[in-house]
Amino acid sequence: SSSPTHRLRLSLNELQLQAVTFPLKSQLQILAGPGTGKTKTLISRVIFLLSQGVHPSNIILTTFTVKAANEMRERIAAMVGPSVASRLVLGTFHSIARKYLVKYGHLIGLPTGFQIADEADALHFMQGVLKDVDPESDKNDSRRARNVISNLKSRAIQPSSLKALEYTSQDMINVYRLYQDKLAEANLLDFDDMLLKCMELLRTSPLVVSNIQAVLVDEFQDTNIVQYELMKLFASKRCNITIVGDPDQSIYAFRAAESTNLMRMRHDFKDTSVVSLEENYRSSGHILNAALAVIMQDTDRIQKTVLPNHDEGHMPVFFPARNPYIEARHIVREVQRLIDLGCGMLKPHDFAILVRSARLTRPIESELTKVGIDYRIVGGFRFWEREEIKLLVNYLAVVKSRRSPALLDIINNPRRGIGSVMQAALLNHANAYQVPIWEAILRAIDGQVRVNARVKASLKEFVDAITEAERLVQDNTREAPLADALDYLITALDYKEVLKKDRGDTWAARWENVTDLKEQVRYFSATPPDPELPDVEGVEGNKVVDDVLSRFLATVNLSPSESDPSAFDPSMVMTISTIHGSKGLEWPVVFIPGVYEGSIPHSLSLVNEVDLAEERRLLYVAMTRAKGMLYLSYPAMLTGSAMYSANKAESEPTCLESSFVSTIKHKFQNSLPNITYKSVVTLGEILDREPPSSPEFANAKKACFPNPASLDEYWAALAAEEASGYGKYDASDAQVSWH
Ligand code: ATP
Ligand code: MG
């Protein structure tokens, strides 16, 4: 037959099948290297469980990123249909926790309609708290305090239990307490709270998860203690747990992830079975071997076997460029060259550029813009952090809740004559009478706070706009109430004119973003919400009315960048991502720029063997994202704004290639890409794609860049190309030596 399970069997290897069909009431760890099909196995196990009669809404499946969750749902939907797939409780730990809190939060006294504080909100509160404790404190102090507290929360440490920890001062305990109070006052939870509150809920009301029959966790090596506890609580009734992970890919220690959770689980569940997978189906042999050569430099790790399933393929390439701009240019040229050579076989979405830190992307972005290749940044803030977008989202946050900290960000933006003096007066009144700022504003309009007539009028206009927008949002007779409310706000603010007046040349681009947002919100209003959690007998859950505004704000906060509406044709958009954001994903062609000492390994980790090992794993994760082609590069000189190294003595500090690659350079092709049509054919074999057979391809063969015998020749050829008018290229940039 061609039932889903039958098809499943055909696509799995022996070990994978064994893991997929493991007995129902068991605990299973699947530990294996990158690309060995861990995620595929996890998904297949869900299909298996469904075939055994487990109801989809009784299965919890967690992943690490929103993007990975969406991909999983799509892949499952392809096998069992969208209606079954949509019933699974599937998402990141945070999004699942949010669902439980929305439905059952009242059981632990959480007020309904709580909102999520994004990083900016959280920092804002922290600043407020610190200013009270220490007026001298600055933004960096708040950031530091925020990190300390986030770290404590990730380990489920409450203020009350802090005393036992000698290293925390009384001050920190106070700050922690005050910070929590401020959040509670505004009916907000920060990211860490969502997990902690959910943990509290499941501990006090275990009935809520009594229907859950299976819990599956991807990327287990990067769970923190709270997530581990949540997993246990989800599974408390039937104890069917399947986790997959790879200790070599543990890269979130800085967020209190604990790879020791693997041992913890074996301790907590004595019957835990361990299965390992050994065949890598993702990468070409050469790429896999280069990556393995990096991770093997760690002498402390547990050895495991990872064997390539593919041919050797194309050698990975390692090249130094003169500076970050030249490096960026080469990368973008290679992307273009491969797309051209592929004659349709490769599209922008087949390429990814993975960086150690977000600031490395600037030169690359500008090169991509020059040649007109569309891109999106994962783990960055391309869309939602744009000023004009953030502002309008802040308006919506205040429409949702008058206590949102965003209120102060929008009260005089656009400028309406409510300057810092007036704001201070409102704040003073609020503090003196212990009322919310919104109430102070209403009192000012009422004449209870002394303000002049002009200010009064603009405060009234502001309040009216927010109130009217709220009325529109709640008007269910409309087809798209949220979109209408946003449109209303934009008009009420006369936002287009404001941009024209205040934003000079950039107004048009900004207005375009606003238009994008409007479209995004319309689209969002038309998409049905994620299915609700199923009712559980014996527990009164909230009837979750679809509150589209909360839902929208939650999406914005939970995935700052992953729903960029500018991506119309997804296949025409290439990916730029931090390495952290690339986990679990794969691309035919991967570039890793900035592979120099001080970037990867990061300068902050150079002194410490433990941190150094995490940096090494980070490079390992990045390299193993590539299927068919892999390029590593670094700028030999750091110049201009791209100069972040410590070497201040030189005007152009030289830069060393990463020590991770120095010793294994022989694993790489020792010259810049000899990209010819042959490379594309090889790539096609690895990717299982038909190489182009069109007449254009024959021409491309001829027009193809000649194979340079050495790097020098390559530079010379580039210079010649420049002379013939192909793009701009400064030959003096090419003076770099290869050793
Ligand atoms: P990572 O550690 O990077 O998350 P992973 O172990 O989760 O990797 P998957 O993403 O599940 O690996 O699989 C990697 C690739 O190999 C995918 O494209 C998947 O479809 C393919 N693959 C996995 N198992 C098989 C198989 N038995 N036959 C063919 N292809 C497979
Ligand atoms: Mg995976």
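Residues numbered from 1 in each chain as written. Chains lettered and ligands numbered in written order. Predicted model: local features only at pLDDT ≥ 70, side-chain atom pairs only at ≥ 80, totals over all residues.

Student: Can you walk me through the site of ligand 1 in this structure?
Tutor: Taken together, 18 residues are adjacent to ligand 1, and Gly37, Lys38, Thr39, Lys40 and Tyr281 come closest. Examining the composition of the shell around ligand 1, we find that three residues originate from one element, helix α3 (residues 38-51), more than from any other. In terms of residue class, the shell around ligand 1 is made up of four nonpolar, nine polar and five charged. (Near = placed C-beta within 6 Å. Helix = DSSP H or I, 4+ residues; strand = E, 2+ residues; numbered from the N terminus. Nonpolar A, V, L, I, M, F, W, Y, C, P; charged D, E, K, R; others polar.)

Student: Teacher, can you tell me more about unusual backbone geometry here?
Tutor: The general pattern is negative phi for most residues beyond glycine and trans for most peptide bonds. Here the residue pair Asn413 and Pro414 is connected by a cis peptide bond, since its omega of 0 degrees sits within 30 degrees of zero. Relative to the elements of secondary structure, Pro414 occurs in the loop between α17 (407-410) and α18 (420-433). Residue Pro601 is reached from Ile600 by a cis peptide bond, and omega for that bond is 5 degrees. When you line up the elements, Pro601 lands in the loop between β15 (587-592) and α25 (609-623). Residue Ala156 is not a glycine yet carries a positive backbone phi of 60 degrees. For Ala156, the position within the fold is in the loop between α8 (139-154) and α9 (170-185). Look at Ala156 and you get partly exposed, because 18 C-beta atoms sit within 10 Å. Positive phi, close to 50 degrees, is recorded for Gln434, a residue that is not glycine. If you trace the backbone, Gln434 turns up in the loop between α18 and α19 (437-446). (Buried ≥ 20, exposed ≤ 12 C-beta atoms within 10 Å, placed from the backbone.)

Student: Just to check I follow, could you spell out the sheet that holds strand β8 (residues 273-277) for this structure?
Tutor: Remark on secondary structure: sheet strands pair via backbone hydrogen bonds, oriented parallel or antiparallel. Strand order across the open sheet formed by six strands is β3-β2-β6-β7-β1-β8, with parallel pairing between neighbours. Only two strands of the sheet have a single neighbouring strand rather than two, namely β3 (89-92) and β8. Mean inter-strand twist for the sheet, computed between neighbouring axes without regard to direction, equals 15 degrees. As paired elements, strand β2 (residues 59-63) and strand β6 (residues 214-217) share four bridges and run parallel to each other. Bridge pairing in β6 places Ile60 opposite Val215. (Pairing = 2+ DSSP bridges. Axes fitted to C-alpha atoms, helices over the stretch in contact; angles between N-to-C directions.)

Student: In this structure, what is going on with the domain arrangement of the protein? I would like to understand it.
Tutor: One widely used convention gives an interface's size as the accessible area the parts lose upon coming together. Domain boundaries in the protein define domain 1 (4-107 + 199-277), domain 2 (118-185), domain 3 (285-356 + 579-727) and domain 4 (387-533 + 549-558). Looking at the side of domain 1 that touches domain 3, its residues break down into six nonpolar, eight polar and three charged. (Domains from an automatic or database assignment.)

Student: Got a minute to help me understand helix α14 (residues 324-342) in this structure?
Tutor: One turn of the α-helix equals 3.6 residues, which is why residues spaced by three or four share an orientation. Given a rise of 1.5 Å per residue, 19 residues ought to cover 27 Å, and the 27 Å separating the end C-alpha atoms of α14 matches this to within 8%. In terms of burial, α14 is largely enclosed, as 14 of its 19 residues are buried. Positioned one or two residues after α14, Cys343 has a phi angle of 45 degrees, which is positive. (Expected span 1.5 Å × (residues − 1).)

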